Amino acid sequence: GAGLATIDEPETGPRFGADGLSIEMNPGAERMARSKLGPYYEVMPDGRRDVFAPGDQAMNAELVWMRTYAGCWPEGERIPFNGAIPFAIE
C-alpha cells in the first residue's frame, strides 16, 4: 500500500517502493542504486525487471545525479511522523 511508497532507514538509506528502487547510503558506494521490479510492477517492454537504461548492468547502476525534495514547515506547525521510533521485529 501507500505506506511502502518511501522507506528511509538510517542503516541503509532510502528505498522507493517495496522492491522498485533502492539507494543504500553505504560508505564508499553512495552512488550505487539497485532496482528489481517485483510483483507490484509490470515487466518493462523489453522484458527487463529494473528501471535503469537498457545499457546499464542488470539491476544495478551508478547514479549520475539525484534530485530530492524535503518539506518545509512553519515554526510551531506539526511535522508529520516527527519523532518516529525505528524498531525491529525479533
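Every chain begins its residue count from 1, and numbering advances along the sequence as written. Owing to the predicted nature of the model, reporting of local features is limited to residues with pLDDT of at least 70; listing and counting of side-chain atom pairs is limited to 80 or more, with chain, interface and lining totals taken over all residues. The basis for every side-chain value is the complete set of heavy atoms in the structure, and neither hydrogens nor water enter the calculation.

Q: Is there a simple way to think about the overall build of the chain in this case?
A: Across its full length, the chain carries zero helices and five strands. The secondary structure elements of the chain, listed N-terminal to C-terminal, are β-β-β-β-β. Considering only intrachain contacts with a sequence separation of at least 6, the fraction spanning at least 24 residues in the chain is 21%. When the accessible surface of the chain is summed, it comes to about 7,500 Å², and 57% of that surface belongs to carbon and sulfur atoms. Helix and strand assignments come from DSSP, with helices taken as H or I runs of at least 4 residues and strands as E runs of at least 2, each series counted from the N terminus. The criterion used for residue contact is that any of the two residues' heavy atoms lie within 4.5 Å. Surface accessibility in these figures is a Shrake-Rupley result with a 1.4 Å probe; residues are shielded only by whichever protein chains are displayed.

Q: Could you clarify how one ought to interpret the side chain of serine 35 in this entry?
A: With respect to the helices and strands, the residue serine 35 is situated in the loop between β4 (32–34) and β5 (60–62). For serine 35, the contacting residues outside a window of four places in its chain are Gly20, Leu21, Arg49, Asp50, Val51, Phe52 and Met59.

Q: Which parts of the structure should I look at to understand the confidence of the model for the chain?
A: As a note on interpretation, predicted positions should not be read in detail where pLDDT is low. Think of pLDDT as the predictor's per-residue confidence, scored from 0 to 100. Per-residue confidence for the chain gives a mean pLDDT of 75; residues scoring 70 or more make up 77%. Strand β2 (residues 13–16) is the least confidently modelled element of the chain, averaging 70 in pLDDT, while β5 averages 87, the highest of any element.

Q: I would appreciate a short explanation of the pattern of salt bridges in the present structure.
A: Salt bridges, as used here, are contacts in which a Lys or Arg side-chain nitrogen is within 4 Å of a carboxyl oxygen on Asp or Glu. All told, the structure shown has two salt bridges when counted by the stated rule. Between aspartate 46 and arginine 48 there is a salt bridge, and its shortest N-O distance comes to 2.8 Å. A 1.4 Å probe rolled over the protein chains alone gives each residue an accessible area, and that area as a share of the maximum for its type sets the label: buried under 20%, exposed over 50%, partly exposed in between. Aspartate 46 gets classed as partly exposed once you look at its relative accessible area, which sits at 46%. Taking the relative accessible area as the measure of exposure, arginine 48 reaches 19% and is therefore buried. A cluster of three or more residues bridged by salt bridges with shared partners is formed by Asp46, Arg48 and Asp50.

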